[in-house]
Amino acid sequence: MHEMSLAYSIVEILLEETQNQEESIKEVYLKASSLHQIVPESLIFYYDIIKKDYEKLKDSVLIIEKEEIKVRCRNCGKTYYVENLFFLCEDCQSGVDIIEGNELYIDKIIV
Ligand SMILES: [Zn+2]
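Scope of this entry: the structure provided in the associated data block. Remember, predicted model here, so these are calculated numbers, not experimental data. (Residues numbered from 1 in each chain as written. Predicted model: local features only at pLDDT ≥ 70, side-chain atom pairs only at ≥ 80, totals over all residues.)

1. Structural notes on the overall build of the protein
Counting its secondary structure elements, the protein contains 2 helices and 6 strands. Listed N to C, the secondary structure of the protein is α-β-α-β-β-β-β-β in terms of helices and strands. For 111 residues, the compact-globule estimate of 2.2 N^0.38 gives 13 Å, and the C-alpha radius of gyration of the protein, at 17 Å, exceeds that figure by more than 25%. Considering only C-alpha atoms, the protein reaches an extent of 55 × 25 × 15 Å along its principal axes. Residue burial in the protein is summarised as follows: out of 111 residues, 18% are buried. (Helix = DSSP H or I, 4+ residues; strand = E, 2+ residues; numbered from the N terminus. Rg over C-alpha atoms; globule rule 2.2 N^0.38 Å. Buried ≥ 20, exposed ≤ 12 C-beta atoms within 10 Å, placed from the backbone.)

Have a look at this one:
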């Protein structure tokens, strides 16, 4: 369900971003980290269904790129990348803040 509504939002953004151009879109790069809990296969599945209704998008491919999550320890200030979010500092076991990887965005559109 999450993936389906996300696929609709992506299509909406793409149409808006390309409203002044005639060329069809070939590739769409989406950046997402594990924080978004997206199942890539599922998102691509829905995207491929929705895109068929749009001339400009029907031959496009959605490519999901994994973004790393960067966190900073609230206590010792250490910053490091994590694959899956673990909320305690690897050095001092204090809480961490997410400083990168929180966003979900379209990185590139290739026409
Ligand atoms: Zn720490």
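From this point, things continue past the structure.
2. Some points on the nonpolar core
The nonpolar side chains of soluble globular proteins are, as a tendency, buried together. Within the largest apolar cluster, 12 residues are counted, these being Ala 7, Ile 10, Val 11, Leu 14, Ile 25, Val 28, Leu 30, Ala 32, Leu 43, Tyr 47, Leu 57 and Leu 62. Those elements that provide at least two residues to this core are α1 (2–17), β1 (27–32) and α2 (40–50). Per-element accounting of this core gives the leading share, 4 residues, to α1. (Core = buried A, V, L, I, M, F, W, Y, C linked by C-beta atoms within 7 Å.)

3. Things to note about the pairing of strand β6 (residues 105–110)
Of all 6 residues making up β6, only 0 are buried, and the element is barely covered by its neighbours. By the bridge criterion, 5 bridges tie β1 to β6 in an arrangement that is antiparallel. Looking across to β6, one finds that Leu 30 is bridged to Ile 106. (Pairing = 2+ DSSP bridges.)

4. Things to note about α1
Its 16 residues give α1 an end-to-end C-alpha distance of 22 Å, which sits within 8% of 22 Å, the value for a rise of 1.5 Å per residue. Turning to α1, its buried residues are Ala 7, Ile 10, Val 11 and Leu 14. The arc that holds every buried residue of α1, seen down its axis, measures 100°, which confines them to one face. Away from its buried face, by an angle of more than 90 degrees, α1 presents the exposed residues His 2, Ser 5, Ser 9, Glu 12 and Glu 16. (Expected span 1.5 Å × (residues − 1). Arc of directions from axis to C-beta.)

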